[in-house]
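Examining the three-dimensional arrangement
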Amino acid sequence: MWDRYARGKRGVPERTVNAAGQRTWFNWTQYPDHGPTETVLGSPASALELGCGTGRNAAHLAVHGVEVTAVDVSLVPLEKAEQRWGHLGGLRLVHREAVDFLRATDERFGAVYSVFGAVWFTDPEVLLPLVRRALRPGGVLAFSHEPPIEGCYGCQGGYVRGPGGDRPSVVRRWAYTPAMWVDILARYGFTRITADIVAPPPARSGDVPTLLVHARV
Ligand SMILES: C[S@@+](CC[C@H](N)C(=O)[O-])C[C@H]1O[C@@H](n2cnc3c(N)ncnc32)[C@H](O)[C@@H]1O
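Throughout, a residue's number is its position along its own chain's written sequence, starting from 1. This being a predicted model, a pLDDT of at least 70 is required before a residue's local features are given, and a value of 80 or more before pairs of side-chain atoms are given or counted; all residues contribute to the totals for chains, interfaces and linings. Side-chain measures here rest on the full set of heavy atoms in the structure, leaving out hydrogens and waters.

1. Notes on the overall build of the protein
Of the regular secondary structure elements, the protein holds 6 helices and 9 strands. The globule rule puts the C-alpha radius of gyration for 217 residues at 17 Å, and the 17 Å found for the protein is close to it. Across its three principal axes, the protein shows a C-alpha extent of roughly 45 × 45 × 40 Å. Among the 217 residues that make up the protein, the fraction classed as buried is 47%. Distance between charge centroids for the protein: 2 Å, based on 24 positive and 21 negative side chains. A run of DSSP states H or I qualifies as a helix once it reaches four residues; a run of E qualifies as a strand once it reaches two. Both are numbered from the N-terminal end. The atom set for the radius of gyration is the C-alpha atoms, and the globule formula is 2.2 Å times the number of residues raised to the power 0.38. A simple rule labels every residue: compare its accessible area, found with a 1.4 Å probe on the protein chains alone, to the largest value its type can have, and call it buried under 20%, exposed over 50%, or partly exposed in between. Here the positive residues are Lys and Arg and the negative ones are Asp and Glu; neither His nor the chain ends is included. Lys charges are placed at NZ, Arg charges at CZ, Asp charges at CG and Glu charges at CD.

Structure (structure tokens):
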């Protein structure tokens, strides 16, 4: 399913410079040059990204001196990431499913984050205890994705077909309001939890906002 998603994006060229002329940048939203930056994470020495795709956010952190481990279940975007960012010393790209990675690792990170990534597509009951264990004391968990559709909470499943109408894949994602996220994270021992809705840019004011969640252990 994720290989197919990434292949679908093959023809879309990635931007190499943002509006401010920077070669790397961090974006929590689905809109270019919009919303909060990497400062949401504080100043971690090390970070783990869950579902890094082509690695642009991880590359930005690595350029700024963070030791980043960027994990993705699909090799298709990771190959792109390797081509574009493989030369960066502080960036480790890992082909692994997020829960598998977290179960196997003994490493502890200053931050764990996910941008429209594995946190959205994994049962929080499974993921959150593992993320908590992977964080150093005082470490930050932050993630973003689309907010829920009113009345549709918990696991949301769907079928995804390729352009040729081939056998459908299944995608599952977990949808909660900001208040629900605060309760869920508190249950797993996270503290100083904030969950905010970031409005789209004014030029796209009717479009989908972004849910941005931040917590500490
Ligand atoms: C919508 S894309 C977002 C990619 C990237 N974070 C970005 O902002 O461009 C979701 C990514 O999460 C990855 N992903 C989804 N579920 C995952 C899981 N359980 N473990 C690891 N990666 C996962 C997919 O392969 C895909 O690259």
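Next comes the rest of the description.
2. Side note on the environment of G189
Note on placement: G189 falls in the loop between α6 (178-187) and β8 (191-198). Measuring from C-alpha to C-alpha, the distance between G189 and R132 comes to 7.9 Å, with 57 residues separating the pair along the chain.

3. A word on the UniProt feature "domain: Methyltransferase type" (unreviewed entry) in the protein
According to UniProt, the feature "domain: Methyltransferase type" (unreviewed entry) maps to residues 48-143 in the numbering used here. The straight-line gap between the two end C-alpha atoms of residues 48-143 is 12 Å; of that span, 39% is helix and 31% is strand. UniProt positions are given in the numbering used here, feature names are shortened, and annotations may be inferred rather than shown by experiment.

4. Concerning α6
Burial in α6 covers these residues: W181, I184 and L185. Projected down its long axis, α6 carries its buried residues within an arc of 95°, all on one side. The exposed residues of α6 that point more than 90 degrees off its buried face are A179, D183 and R187. Any two residues whose heavy atoms approach within 4.5 Å at even a single point are treated as in contact. Where the residues of α6 are buried, they touch α5 (124-134), β5 (135-145), β8 and β9 (210-216). In the segment just after α6, G189 is the residue with positive phi, at about 90°. Along the arc lie the directions from the helix axis toward the C-beta atoms.

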